[in-house]
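Residue strings, one per chain:
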Amino acid sequence: QVQLEESGGGLVQAGGSLRVSCAASGRTFSVSTRAWFRQAPGKEREFVAAINRSGGSTDYADSVKGRFTISRDNVKNTVYLQMNNLKPEDTAVYYCAASLAPYITRRDRYRYGYWGQGTQVTVSL
């Protein structure tokens, strides 16, 4: 089993920055792809960013490309999402996800077997 715990959410003004973190525990040696998804009220959970095991390959949703950066520290078993130039439409609960499989469709939320409980990010005007 793998447990995921997010931290770092909060309230920020538009144009500001925020970094959210996700620490993994348990069978961390088995974890491969890690990702961030988000869910706004009344909307489906959507893909934000993903990173492979080594950190050498990343993927981003078009809506965040150029503003968000995903990274991971495998020694700390932690993945980060640095969010810059935040917009009100980025307001959502941000969830981290993990997959044990090395080759998955990263943008497909159903490919991830482990999820955190989420952290709220609110961007005000």
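This structure is a prediction, so every number in the text was calculated from the model and none was measured.

Visitor: Sorry if this is basic, but what is going on with the overall build of the protein here?
Guide: Scanning the protein from terminus to terminus reveals zero helices and eleven strands. What you see in the protein, going N to C, is helices and strands ordered as β-β-β-β-β-β-β-β-β-β-β. Computed over the C-alpha atoms, the radius of gyration of the protein is 13 Å, within 12% of the 14 Å expected from 2.2 N^0.38 for a compact globule of 125 residues. Counting over 125 residues, the protein shows a buried share of 45%. Considering only intrachain contacts with a sequence separation of at least 6, the fraction spanning at least 24 residues in the protein is 59%.

Visitor: For this particular structure, what's the right way to read the nonpolar core?
Guide: Within soluble globular proteins, side chains that are nonpolar tend to cluster in buried spots. Residues Trp-36, Leu-81, Met-83 and Tyr-94 are the most contacted members of the largest nonpolar core, which totals 36 residues. Residue contacts for Met-83: discarding those within four places in its chain leaves Gly-16, Ser-17, Leu-18, Val-20, Arg-67, Phe-68, Tyr-94 and Val-121.

Visitor: Would you mind going over the packing of aromatic side chains with me for this structure?
Guide: Given two aromatic rings, their pairing is described by the distance between the two centres and the angle made by the two planes. Applying the stated criterion across every chain yields a total of four aromatic pairs. Geometrically, the ring pair formed by Phe-37 and Phe-47 is edge-to-face, given 5.7 Å between the ring centres and 75° between the ring planes. Within this pair, whereas Phe-37 is found in strand S4 (residues 34-39), its partner Phe-47 is found in strand S5 (residues 46-51), the two being separated by ten residues in sequence. We classify Phe-47 as buried; its relative accessible area is 9%. Relative to Tyr-112, the ring of Phe-37 lies with its centre 5.5 Å away and its plane at 75°, an arrangement referred to as edge-to-face. Here the residue Phe-37 occupies a position in strand S4, and Tyr-112 occupies one in the loop between strand S9 (92-98) and strand S10 (114-115), the gap between them amounting to 75 residues.

Visitor: Would you mind going over the state of the cysteines with me for this structure?
Guide: The term disulfide refers to a covalent linkage connecting the sulfur atoms of a pair of cysteines. Tallied over the full model, the rule gives one disulfide. Each disulfide pairs two cysteine sulfurs, and for Cys-22 the partner residue is Cys-96, the sulfurs being separated by 2.0 Å. Taking the torsion about the sulfur-sulfur bond, which here is approximately 45°, the covalent link between Cys-22 and Cys-96 counts as right-handed. With a gap of 74 residues between them, Cys-22 in strand S3 (residues 18-26) and Cys-96 in strand S9 connect regions that are remote in the sequence. For the pair Cys-22 and Cys-96, a shared accessibility class is recorded, and that class is buried.

Visitor: I'm lost on the side chain of Glu-6 in this one. Help?
Guide: Structurally, the position occupied by Glu-6 is in strand S1 (residues 2-7). Arg-45 provides the closest opposite charge to the buried, unpaired Glu-6, separated from it by 7.4 Å. There is a polar contact of 2.9 Å between the side chain of Glu-6 and the backbone nitrogen of Cys-96. Here Gln-117 takes part through its backbone nitrogen, which lies 3.1 Å from a polar atom of the side chain of Glu-6. With near-sequence residues (within four places) excluded, Glu-6 lies in contact with Ser-21, Cys-22, Trp-36, Tyr-94, Tyr-95, Cys-96, Gly-116, Gln-117, Gly-118 and Thr-119.

Reading the values: the criteria
- Residues numbered from 1 in each chain as written.
- Predicted model: local features only at pLDDT ≥ 70, side-chain atom pairs only at ≥ 80, totals over all residues.
- Heavy atoms only, no water.
- Helix = DSSP H or I, 4+ residues; strand = E, 2+ residues; numbered from the N terminus.
- Rg over C-alpha atoms; globule rule 2.2 N^0.38 Å.
- Buried < 20%, exposed > 50% of the residue type's maximum accessible area, 1.4 Å probe, protein only.
- Contact = heavy atoms within 4.5 Å.
- Core = buried A, V, L, I, M, F, W, Y, C linked by side-chain atoms within 4.5 Å.
- Phe/Tyr/Trp six-rings, centres within 6.5 Å; stacked < 30°, edge-to-face > 60°.
- Disulfide = S-S within 2.5 Å.
- Lys, Arg positive; Asp, Glu negative; His and termini not counted.
- Salt bridge = Lys/Arg side-chain N within 4 Å of Asp/Glu carboxyl O.
- Polar contact = N/O pair within 3.5 Å; in protein donor to acceptor, adjacent residues only side chain to side chain.

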